[in-house]
Amino acid sequence: MFESLKPVAMDPILGLMAAFRADTRTTKIDLGVGVYMDDHGHTPVMASVKEAEAQLMQLETTKSYQGIAGDPDYNQRTLELLFGAGQSILNSGRIKSIQAPGGSGALRVGAEVTQRARPEAKLWVGVPTWPNHIPLLGSAGFEIEEYPYYDRDTHQINTDAMMETLRQVPAGDMVLLHGCCHNPTGADLTHEQWDQIADLALERGFIPFIDTAYQGLGDGLDEDAYGLRMMADRLPELVVASSCSKNFGLYRERTGSITFIAESPEQVEIVASQAMAVARQTYSMPPAHGALLVSLILGDQQLRANWEAELAEVRGRIQSMRSLLADNIQNNVAGIDFTHVKMQKGMFSFLGLNTAQLDHLREEFGIYIVSSSRVNLAGVNSNNIDYLSSSILSVLK
Ligand SMILES: Cc1ncc(COP(=O)(O)O)c(C=O)c1O
């Protein structure tokens, strides 16, 4: 039967990673892969996670199945992390969260449930967006529509074009928004833009679907949640997919959540039962380890303080690499404006280099950047910053 299948092309980023691994130059730099790296170029296990793992070794008494919704403490604590402890939405009875296998699993469950609710709904995604959004959400049944998001010439959000398109979105459609640290552009919505989109959602009747995979890597845990907290306060319905892959460094533990806000407590119970049915029919139950660690960290004052301090260090390091790189380039080439790299948030930005320049960087200098010119600023460190800056300058000149 398998003879009818055609091979699927490898994700270009995986091809780039393979080429990077095969490169024997000691000066090579990987700015492609989307994981955090410290100043030594490693993706570390956070010390707070290590400590939680040591505690879990003692506390864990069974590996029996967890429920379909995952760990109840994890669900409650991540709700508080996302929406803010003590916020009125958390006591409204209209909100429900279940554990999911990473942000990707959460997006998928959210998409399948909303498709069940409204099969004719389309999903509007900004251009550009995380490349996996379209296959991940489209294969759940959504017809995808696009709205303009980022202007590569000005390096800013194209507010007028975005709002003009969103003004046309029909009632009942879903609009995908990035909670913070936009991937791939690093260009985040301002508070004013978030407020305007909420106004439009109320006026038009579309439903925002927020993907928040980087809370705490932009301006701070609370600051990065402005949009989703404001929308949770103002809108009757909302879907939020969240991930602990980046902010807890738990990539391979597949730890995420899907949260629904419905018009009434009765409705949200039905939505949650549908989400659990989707889970049961696909992966059955979410993996436990990462969620138990997150729950331990968020539930313990000292562990939480340690984790927040580590996350602040991650955030600060990315920001300082952004500034260093932008200044190094800008101060050395007249007419080049790299201010956007300094101002944008999270791990990613577009450098705005063309294909020939990217090929030149890879072939001559061993610097690996994906074809959109999106760079992971966490791949920059105090050892490679000078070499990186001078290499970029030489391809710009
Ligand atoms: C915007 C965005 N959403 C979701 C995810 C998925 O994260 P996870 O690894 O938790 O599935 C990513 C990961 O890169 C992402 O960049």
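Only a predicted model underlies this, so the values are computations on that prediction, with no experimental measurement involved.

Peer 1: Report on the domain arrangement of the protein chain, specifying residues and quantitative values.
Peer 2: One frequently used descriptor of interface size is the decrease in accessible area upon assembly of the parts. We note that the domain assignment places domain 1 (2–44 + 337–396) and domain 2 (65–299) within the protein chain. For domain 1 versus domain 2, the distance between C-alpha centres works out to 28 Å. Listed per partner, the contact involves 15 residues of domain 1 and 18 residues of domain 2. Interface area, domain 1 with domain 2, both sides summed: about 1,400 Å², of which 58% is carbon and sulfur. A per-residue breakdown of the area domain 1 buries against domain 2 is headed by Lys345, Phe348 and Phe350, which together make up 44% of the total. Along the contact surface separating domain 1 from domain 2 lie 1 salt bridge. When the shortest N-O distance is used, the salt bridge between Asp219 and Lys345 registers 3.0 Å. Here domain 1 and domain 2 share 9 residue pairs in polar contact (both at pLDDT 80 or more) between them. For the side of domain 1 that touches domain 2, the leading source of residues is strand β11 (residues 348–350), giving 3 residues. Counted by class, the side of domain 1 that touches domain 2 contains 5 nonpolar, 7 polar and 3 charged residues.

Peer 1: Describe the environment of Arg167, and please don't skip the residues or the numbers.
Peer 2: Turning to its location among the elements, Arg167 is positioned in the loop between α6 (159–166) and β7 (174–178). Residue class for Arg167 comes out partly exposed when judged on its relative accessible area of 42%. It is 14 Å that separates the C-alpha atoms of Arg167 and Glu145, two residues lying 22 residues apart in sequence. Setting aside residues no more than four positions away along its own chain, Arg167 makes contact with Leu200 and Arg204.

Peer 1: Residue-level account of the side chain of Asn247, with values.
Peer 2: With respect to the element layout, Asn247 can be found in the loop between β9 (238–243) and β10 (256–261). The class for Asn247 is buried, based on a relative accessible area of 3%. Within polar-contact distance, the side chain of Asn247 engages the backbone oxygen of Gln215 at 3.0 Å. Sequence-distant contacts of Asn247, that is, excluding residues within four places in its chain, are made with Met46, Gln215, Leu217, Trp307 and Leu311.

Peer 1: Break down the state of the cysteines for me, citing the residues and quoting the values.
Peer 2: Scanning the model with the defined rule gives 0 disulfides in all. With no disulfide of its own, Cys180 has Cys181 as its nearest cysteine by sulfur position, at a separation of 3.9 Å. Taking the relative accessible area as the measure of exposure, Cys180 reaches 3% and is therefore buried. The class for Cys181 is buried, based on a relative accessible area of 1%.

Peer 1: If you had to explain a nonpolar patch on the surface to someone new, which residues and values would you point to?
Peer 2: Side chains of Met1, Phe2 and Leu5 sit close together on the surface and give an oily, nonpolar patch of about 430 Å² of accessible area. Relative to the assigned elements, Leu5 resides in the segment before α1 (12–22). Judged by relative accessible area, Leu5 falls into the exposed class, the value being 60%.

Peer 1: Lay out the layout of surface pockets in plain terms, naming residues and giving numbers.
Peer 2: Empty space among the atoms becomes visible once a probe the size of a water molecule is rolled across them. Space inside the largest pocket adds up to approximately 1,200 Å³. In terms of lining, the largest pocket is formed by 44 residues, of which the most central are Asp11, Ile13, Trp130, Asn183 and Arg374. Elements that contribute at least two residues to the lining of the largest pocket include exactly α1, α4 (102–117), α5 (133–138) and α13 (355–365). No other element matches α1, which puts 5 residues into the lining of the largest pocket.

Peer 1: Tell me about the site of the ligand, and please be specific about residues and values.
Peer 2: The ligand sits among Gly102, Gly103, Ser104, Trp130, Asn183, Asp211, Ala213, Tyr214, Ser243, Ser245, Lys246 and Arg254. With respect to the ligand, the side chain of Lys246 contributes an N or O atom lying 2.8 Å from an oxygen atom. For the ligand, whose unbound accessible area comes to 390 Å², protein coverage reaches 91%. More than half of the atoms of the ligand fall within 2 Å of the grid points belonging to the largest pocket. Here the shell around the ligand gets 3 residues from one element, more than from any other, and that element is α4. Across the shell around the ligand, the residue classes tally to 3 nonpolar, 6 polar and 3 charged.

Peer 1: Tell me about α4, and name the residues and values.
Peer 2: Taking 1.5 Å per residue as the helical rise, α4 with its 16 residues ought to reach 22 Å, and the 23 Å between its terminal C-alpha atoms agrees with that figure. Those residues of α4 that sit buried are Gly102, Gly103, Gly105, Ala106, Leu107, Val109, Gly110, Ala111, Glu112, Val113, Thr114 and Gln115.

Peer 1: An account of the environment of Ala9 is requested, with residue identities and associated values reported.
Peer 2: Mapped onto the elements of the fold, Ala9 is located in the segment before α1. For the pair formed by Ala9 and Thr129, sequence separation is 120 residues and the distance between their alpha carbons is 20 Å.

What counts and how
Residues numbered from 1 in each chain as written. Predicted model: local features only at pLDDT ≥ 70, side-chain atom pairs only at ≥ 80, totals over all residues. Heavy atoms only, no water. Domains from an automatic or database assignment. Contact = heavy atoms within 4.5 Å. Buried area = accessible area lost by both parts, 1.4 Å probe. Salt bridge = Lys/Arg side-chain N within 4 Å of Asp/Glu carboxyl O. Polar contact = N/O pair within 3.5 Å; in protein donor to acceptor, adjacent residues only side chain to side chain. Helix = DSSP H or I, 4+ residues; strand = E, 2+ residues; numbered from the N terminus. Nonpolar A, V, L, I, M, F, W, Y, C, P; charged D, E, K, R; others polar. Buried < 20%, exposed > 50% of the residue type's maximum accessible area, 1.4 Å probe, protein only. Disulfide = S-S within 2.5 Å. Patch = residues over 30% accessible without salt bridge, like charges linked within 9 Å, V, L, I, M, F, W, Y side chains within 5 Å. Areas by Shrake-Rupley, 256 points an atom, 1.4 Å probe, with all protein chains shown as cover. 1 Å grid on protein atoms, 1.4 Å probe; cavity = no way out; pocket = protein on both sides within 12 Å on 5 of 7 lines; lining within 4 Å. Points joined across faces, edges and corners; volume = space filled by probe spheres on them. Near = heavy atom within 4 Å. Sits in = over half its atoms within 2 Å of the grid points. Expected span 1.5 Å × (residues − 1).

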